[in-house]
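Understanding the architecture of this molecule
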Amino acid sequence: MSQSPPSIAPDDEPGWNVIRRQYTPSPDFINLENGYFGAPAIPVQAALRRYQEQVDRENSYFLRVRFPERLERVMAALAAFTGAGRDELLITRNAMESLNILIQGYPFVAGDAVLLAQHDYDSPIDTFGMVRERKGLELAAVDIPLDPDSDEEIVALYERAITPRTRLVLVTHVVHRTGQVMPVAKIAAMARGRGVDVIADAAHSLAHLDYKVPELGVQFAAFNLHKWVGAPLGTGLLYIARDRIADIAALYGDVGHAPGDIGRLGHFSAVPPAPILAIEDALRFHGSIGTRNKEERLRYLARYWMERVRDVPGVRLYTPRDPRRHGALASFGIAGIAAREVAQRLMDDYRIFTVVRGIGAEECVRVTPHLYTSLDDLDALVVAIRALAG
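The shown structure was predicted, so the numbers you read here are calculated from the model rather than taken from an experiment. (Residues numbered from 1 in each chain as written. Predicted model: local features only at pLDDT ≥ 70, side-chain atom pairs only at ≥ 80, totals over all residues. Heavy atoms only, no water.)

Inspection of the secondary structure puts Y372 in the loop between β13 (362–367) and α10 (375–389). Note: C-alpha distance between Y372 and F29 (343 residues apart in sequence) is 13 Å. With residues near it in sequence (within four places) discarded, Y372 still touches R20, Y23, P25, N31, N34, A39 and D377. There is a polar contact of 3.2 Å between the side chain of Y372 and the side chain of N31. (Helix = DSSP H or I, 4+ residues; strand = E, 2+ residues; numbered from the N terminus. Contact = heavy atoms within 4.5 Å. Polar contact = N/O pair within 3.5 Å; in protein donor to acceptor, adjacent residues only side chain to side chain.)

Here it is, written out as structure tokens:
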């Protein structure tokens, strides 16, 4: 896997056309909902098929004899890519499974407080609510501005909400509703100074933003590999700093691993090997492009359509203006038309697929291009938004 791929300017359309041909999006509609699942590139799809055929042929022999060694290759690739230690990483099915392991296994005691944000993903909020009922927790939530002036403004909101009872803070790295990028490292540094742990919900950020996991400064983090890494569905990642692994109670029974071995948290029994093996191929393909190139291209695509509708009467953008505060994900609304109707009309009238997301009491339409998205696709979106707002 190349560590220094050639630089590609974000607006180099011939260069990105070469990469675009490595994907096979449906010809039946324009898919601008790539935040849920980032389609694997052709080489990853082919590798997945090869691995599944081998697993089906060799059956238990593959699982018992070949898979352990192959798994270590995948783990070594993940460690190199994330910058985390091999002993700090565990493959899961998705970020939400990783978050469940952390939230339900964290050593809370009655009276502990957890600090969330109103824009956090619904499922971990629900999980904290469930644990609150079992363990007597207190939950509090900060309200982060849609277009903040500075990182310091955000950090101050979290700091003011911390109390002597606050044990843990959940911070979403890339907000799934609006695409806002949160200053995780700065929030984590502040929280550490107050003796508070931080879980990073980084479901949307790995291979989307250019960073290494230790740079986040958190003790715990959850990732998806099926989004921007481009691995098959059914692949996620859990990170726990090695000196904190023993603090997390296992959800699944296991007495075969030492308390500080992250493997004790992943006793899932038999799992499908093929998607896991294809992680290595996804990382290799991603490495041929480069995270910095990818981040800048995705941000360019988001800004391309946003800047063309920003001043259209009746159109509201929910994503920060500062390009450093967003990546590919961005959201909009049209005055007088419910977001669900907008999304439905985009699909019915223009064959453009998007998704609706809630922001407090409001709803918005989220638009998420991918590397295979063309400027023609985004021009079609702009035409549709202008027509609907007209």
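Having seen the model, we can carry on.
By volume, the largest pocket amounts to about 810 Å³. If you trace the largest pocket, you find 30 residues lining it, with L71, G266, F268, S269 and V271 closest to the centre. Listing elements by their share of the lining of the largest pocket, those giving two or more residues are α2 (42–82), β2 (89–92) and α7 (273–289). Considering every element that reaches the lining of the largest pocket, the biggest residue donor is α2, with six residues. Here the lining of the largest pocket is composed, by residue class, of 16 nonpolar, seven polar and seven charged. Surrounding the second largest pocket, 19 residues form its lining, H173, V181, M182, P183 and R324 being those nearest its centre. Looking at the lining of the second largest pocket residue by residue, the classes come out as eight nonpolar, one polar and 10 charged. (1 Å grid on protein atoms, 1.4 Å probe; cavity = no way out; pocket = protein on both sides within 12 Å on 5 of 7 lines; lining within 4 Å. Points joined across faces, edges and corners; volume = space filled by probe spheres on them. Nonpolar A, V, L, I, M, F, W, Y, C, P; charged D, E, K, R; others polar.)

With that settled, the discussion passes to the packing of aromatic side chains. In total, this model carries nine aromatic pairs according to the counting rule given. Relative to F285, the ring of Y23 lies with its centre 5.9 Å away and its plane at 80°, an arrangement referred to as edge-to-face. Linking Y23 in the loop between α1 (13–20) and β1 (30–31) with F285 in helix α7, this pair joins segments that are 262 residues apart in sequence. Where Y300 meets Y304, the ring centres are 6.3 Å apart and the plane angle is 50°; that geometry is what we call tilted. Taken together, the positions of Y300 and Y304, both in helix α8 (residues 291–309) and four residues apart, correspond to about one turn of that helix. Given a relative accessible area of 11%, Y304 falls into the buried group. Above the face of the Y51 ring, R50 is positioned so that its terminal group lies 5.8 Å from the ring centre. (Phe/Tyr/Trp six-rings, centres within 6.5 Å; stacked < 30°, edge-to-face > 60°. Buried < 20%, exposed > 50% of the residue type's maximum accessible area, 1.4 Å probe, protein only. Lys NZ or Arg CZ within 6 Å of the ring centre and 35° of its normal.)

What follows is about the nonpolar core. Formed by 73 residues in total, the largest nonpolar core has its most connected members in L78, Y158, F223 and I279. Broken down by element, this core gets its largest block of residues, 12 residues, from α2. For this core, the two domains that each supply at least three residues are domain 1 (13–31 + 290–389) and domain 2 (48–285). Judged by nonpolar contacts, the second largest core, of 30 residues, contains L301, W305, L317 and I334. (Core = buried A, V, L, I, M, F, W, Y, C linked by side-chain atoms within 4.5 Å. Domains from an automatic or database assignment.)

Here we come to the side chain of H208. With respect to the helices, strands and loops of the structure, H208 is situated in the loop between β6 (197–202) and β7 (220–224). What makes H208 buried here is its relative accessible area of 0%. Only 3.4 Å separates the side chain of H208 from the side chain of W228, close enough to count as a polar contact. Every residue in contact with H208, bar those within four places of it in the chain, is listed here: W228, E295, L298, G327, A328 and L329.

On the UniProt side, "domain: Aminotransferase class V" (unreviewed entry) is annotated at positions that read residues 47–353 here. The annotated region residues 47–353 carries 42% helix and 15% strand content, and the separation between its end C-alpha atoms amounts to 28 Å. (UniProt positions renumbered as here; feature names shortened; annotations may be inferred.)

To continue, consider the domain arrangement of the chain. Partitioning the chain into domains gives domain 1 (13–31 + 290–389) and domain 2 (48–285). Relative to domain 2, the C-alpha centre of domain 1 lies at a distance of 27 Å. Taken together, the 29 residues of domain 1 in the interface contact 22 residues of domain 2. Sorting the residues of domain 1 by area buried against domain 2 places T291, R325 and L329 first, and these three jointly supply 31% of that buried surface. The shortest N-O distance in the salt bridge between R325 and D151 comes to 2.8 Å. In this assembly, domain 1 and domain 2 are joined by 11 residue pairs in polar contact (both at pLDDT 80 or more). For the side of domain 1 that touches domain 2, the secondary structure elements donating two or more residues are α8, β10 (330–334), β12 (355–359) and β13. Looking at side-chain class alone, the side of domain 1 that touches domain 2 contains 10 nonpolar, nine polar and 10 charged residues. (Buried area = accessible area lost by both parts, 1.4 Å probe. Salt bridge = Lys/Arg side-chain N within 4 Å of Asp/Glu carboxyl O.)

For the rest of this paragraph, the subject is the packing of α1 against α8. Between α1 and α8, the least distance of the axes is 13 Å, while the angle of their chain directions is 105°. Relative to α8, α1 is oriented roughly perpendicular. Residues E13, W16 and R20 of α1 form the contact with α8, whose participating residues are N293, K294, R297 and Y300. Of the residues assigned to the contact of α1 with α8, the class counts are two nonpolar, one polar and four charged. (Axes fitted to C-alpha atoms, helices over the stretch in contact; angles between N-to-C directions. Parallel < 35°, antiparallel > 145°, perpendicular 65-115°, else oblique.)

In this section: empty space enclosed by the protein. Taken as a whole and assessed by the stated rule, the structure comprises one cavity of 30 Å³ or more. A per-element tally of the lining of the largest cavity places α7 first, with four residues. Residues belonging to the lining of the largest cavity are distributed by class as follows: 11 nonpolar, three polar and two charged. Both domains that furnish three or more residues to the lining of the largest cavity are identified here as domain 1 (13–31 + 290–389) and domain 2 (48–285).

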